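# Geometric and topological summary
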Amino acid sequence: MPNAKFKNYLHLHFLVFIAGFTAILGELISIGSTALVWYRMLIAGVLMFLYIKMIKLKIQVSTKTKLKFFGAGIIIALHWITFFEAINQSNVSITLAMFSTGAFFASFIEPLIYKRKIIWYEIIFGMIVILGVFLITQSEIKYLNGILLGISSALFSTLFAVINGRFIAEHRATVISFYEFISGVGFLSLFILIFQGGFSTEFFVLSTSDWIYILILASICTAYAFIGSVDVMRHLSPYTVILTYNLEPLYGIALALFLFPETEIMSTQFYYGAFLVLATVIADGILKNYKNHKNKRALSSKTD
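Not measured: the values here are computed from a predicted model. (Residues numbered from 1 in each chain as written. Predicted model: local features only at pLDDT ≥ 70, side-chain atom pairs only at ≥ 80, totals over all residues. Heavy atoms only, no water.)

### Quick look at the overall build of the protein chain
Here is the rule: A run of DSSP states H or I qualifies as a helix once it reaches four residues; a run of E qualifies as a strand once it reaches two. Both are numbered from the N-terminal end. Note that the radius of gyration is over C-alpha atoms, with the globule rule given as 2.2 Å times the number of residues to the power 0.38. The classification of residues rests on relative accessible area computed with a 1.4 Å probe and restricted to protein chains. Under 20% of the type maximum is buried, over 50% is exposed, and intermediate values are partly exposed. Note on contacts: a residue pair is in contact if any heavy atoms of the two residues lie within 4.5 Å. Throughout, the Shrake-Rupley method with a 1.4 Å probe supplies accessible areas, and for residues the shown protein chains are the sole cover considered. By the counting scheme adopted, Arg and Lys are positive, Glu and Asp are negative, and His together with the chain ends is not counted. One atom stands in for each charge, and that atom is NZ of Lys, CZ of Arg, CG of Asp or CD of Glu.
Check the secondary structure of the protein chain and you find 13 helices and 0 strands. Reading the secondary structure of the protein chain in the N-to-C direction produces α-α-α-α-α-α-α-α-α-α-α-α-α. Taking 2.2 N^0.38 as the reference for a compact globule, 304 residues should give roughly 19 Å; the C-alpha atoms of the protein chain span a radius of gyration of 20 Å, in line with that estimate. The principal-axis extents of the C-alpha atoms in the protein chain amount to approximately 70 × 50 × 40 Å. Relative to its full complement of 304 residues, the protein chain shows a buried share of 47%. Taking as baseline every contact in the protein chain between residues at least 6 positions apart, the subset at least 24 positions apart corresponds to 88%. In the structure as shown, the protein chain presents an accessible area of about 16000 Å², 68% of it carried by carbon and sulfur atoms. Separation of charge centres in the protein chain, based on 22 positive and 15 negative side chains, amounts to 17 Å.

Now the structure itself:
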């Protein structure tokens, strides 16, 4: 049993490493962010469909439910577009540091959707996150577009995660993901047709390296990572999974520093700001876990 748990911990960290590596692929792939996300969602959707067929999973849902999934698919598409465009407008370090502000947005979005009170320390943590973002912006003002896109990406990601949290209580995660991928492709196809002049021959002519990186992104970093994260959550506590995924920016920034030192080495003030944001996110996870554990103990003692 301990060995099985250790294997799941290793698997979880591998999945978080993959998540951090997604930003590296965004830096390496040369095509635009909209085309990149279109390819990512199309290939991942096809792979997910093959997986569904392989395990013989029923995917029939009501029209109303499909529309909800389609809305979430558009949100995740916008998250990925702003994420990769933030990398194009700045670099991996800026984008991942801004992506960490998602916890700040969650502290306000969750109470609205789940109709709970805002926790006092979430307000304090939110102020610290704002200070961290301020330090980063002051020191790296030349990357302002990337900073704003990174914050937008974090907002879309948080909104998607909170909405998906409601779906997962009633539907299989694989089914949800499949419909979200398909709707994302449909949304982006309309966007390309209306605002980007349609699908030209050049759209489908990619370099060999771009094809390789996109296939890795869609298969390993999207389809496999999603299925793997669902499996890990069956064996480890949600707190462990969420807190470990907060390490994604650290993995990503470390990888970027190693692979692209000429563009990723930032000012000292940037690292102060990034540390404040990341430390706040981790502290928020620890406090929430302590509070949940305390509530469970109190409930258990009442039951006894």
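### So, the environment of lysine 66
With respect to the secondary-structure elements, lysine 66 resides in helix H3 (residues 63-89). On the basis of relative accessibility, which here comes to 30%, the residue lysine 66 falls in the partly exposed class. Separated by 110 residues in sequence, lysine 66 and isoleucine 176 have C-alpha atoms that sit 8.7 Å apart. Residues contacting lysine 66, with those up to four places away along its chain left out, are Val61 and Tyr179.

### A few points about helix H8 (residues 173-195)
Worth spelling out the cut-off: In this scheme, a helix's expected span is set at 1.5 Å multiplied by one less than its residue total.
Look at H8: 32 Å from first C-alpha to last across 23 residues, which is about the 33 Å you get at 1.5 Å a residue. Directly beyond the C-terminal end of H8, a positive phi value near 80° is found at glycine 197.

### Some words on the side chain of glutamate 248
Quick reminder of the rule: By definition, a salt bridge exists where a carboxyl oxygen of Asp or Glu is found within 4 Å of a side-chain nitrogen of Lys or Arg.
When you line up the elements, glutamate 248 lands in helix H11 (residues 248-259). Among buried Asp, Glu, Lys and Arg side chains, glutamate 248 stands out as unpaired, with arginine 40 the closest opposite charge at 8.3 Å. Other than its neighbours up to four places away in sequence, glutamate 248 contacts Val16, Ala19, Gly20, Leu96 and Phe99.

### Section: a nonpolar patch on the surface
Operational definition: Patches in this entry comprise residues that are over 30% relatively accessible and not in a salt bridge; like charges within 9 Å are linked, as are nonpolar side chains (Val, Leu, Ile, Met, Phe, Trp, Tyr) within 5 Å.
A surface patch of nonpolar side chains, about 380 Å² in accessible area, is lined by Leu42, Val46, Leu47, Phe49 and Leu50. Relative to the assigned elements, leucine 50 resides in helix H2 (residues 33-55).

### A few points about the packing of aromatic side chains
For clarity, the threshold we go by: Geometry of aromatic contacts follows a simple scheme: Phe, Tyr and Trp rings, the Trp one being its six-membered ring, pair when their centres are within 6.5 Å, and the pair is stacked under 30 degrees between planes, edge-to-face over 60, tilted otherwise. Charge-over-ring placement is defined geometrically: NZ (Lys) or CZ (Arg) within 6 Å of the ring centre, and within 35 degrees of the ring normal.
This structure, assessed with the given rule, holds 22 aromatic pairs. Taking 5.0 Å as the distance between ring centres and 75° as the angle between the ring planes, the aromatic pair formed by phenylalanine 69 and phenylalanine 167 counts as edge-to-face. With phenylalanine 69 in helix H3 and phenylalanine 167 in helix H7 (residues 144-167), this residue pair connects regions lying 98 residues apart in the sequence. Plain terms: the ring middles of phenylalanine 270 and tyrosine 271 are 5.0 Å apart, the flat faces sit at 80° to each other, and that makes the pair edge-to-face. Tyrosine 271 sits in the partly exposed class, given a relative accessible area of 30%. Among the aromatic side chains, those forming a connected cluster through ring pairs are Trp38, Tyr39, Phe199, Phe203, Phe204 and Trp211. The ring of tryptophan 80 carries the charged tip of arginine 40 above its face, separated from the ring centre by 3.9 Å.

### Quick word on the confidence of the model for the protein chain
Applied cut-off: As a per-residue quantity, pLDDT reports the predictor's confidence and falls between 0 and 100.
Mean pLDDT over the protein chain stands at 87; residues scoring 70 or higher make up 93%. When the elements of the protein chain are averaged for pLDDT, helix H10 (residues 238-245) gives the smallest value, 68, and H3 the largest, 96.

### Description of the environment of threonine 101
For threonine 101, the position within the fold is in the loop between helix H4 (92-99) and helix H5 (102-114). It is 10 Å that separates the C-alpha atoms of threonine 101 and isoleucine 128, two residues lying 27 residues apart in sequence. Those residues in contact with threonine 101, other than ones at most four positions away along the chain, are Val129, Val133, Ile151, Ala154 and Val277.

### A look at a positive patch on the surface
A contiguous patch of positive charge on the surface is contributed by Lys64, Lys68, Lys115 and Arg166. Inspection of the secondary structure puts lysine 64 in helix H3.

### Considerations on unusual backbone geometry
Trans is the prevailing form of peptide bonds, just as negative phi is the prevailing case for residues other than glycine. Positive phi is not limited to glycine here, since lysine 56 has a value of about 55°. Inspection of the secondary structure assignment puts lysine 56 in the loop between H2 and H3.

### Some thoughts on the environment of threonine 22
The topology assignment puts threonine 22 in helix H1 (residues 2-28). Exposure remark for threonine 22: the relative accessible area of 6% places this residue in the buried category. C-alpha of threonine 22 to C-alpha of serine 219: the two residues are 197 residues apart in sequence and 11 Å apart in space. For threonine 22, the contacting residues outside a window of four places in its chain are Arg40, Phe83, Phe84, Leu217 and Cys221.

### Overview of the side chain of threonine 280
Stated precisely, the cut-off is as follows: Between N or O atoms, a polar contact is any pair within 3.5 Å; within protein, one atom must be a potential hydrogen donor and the other a potential acceptor, and residues adjacent in sequence are included only when both atoms are from side chains.
Note on placement: threonine 280 falls in helix H13 (residues 268-303). Taking relative accessible area as the criterion, threonine 280 reaches 7% and is therefore assigned buried. Engagement of the side chain of threonine 280 in a polar contact is seen with the backbone oxygen of leucine 276, the distance being 2.6 Å. Other than its neighbours up to four places away in sequence, threonine 280 contacts Phe125, Ile128 and Val129.

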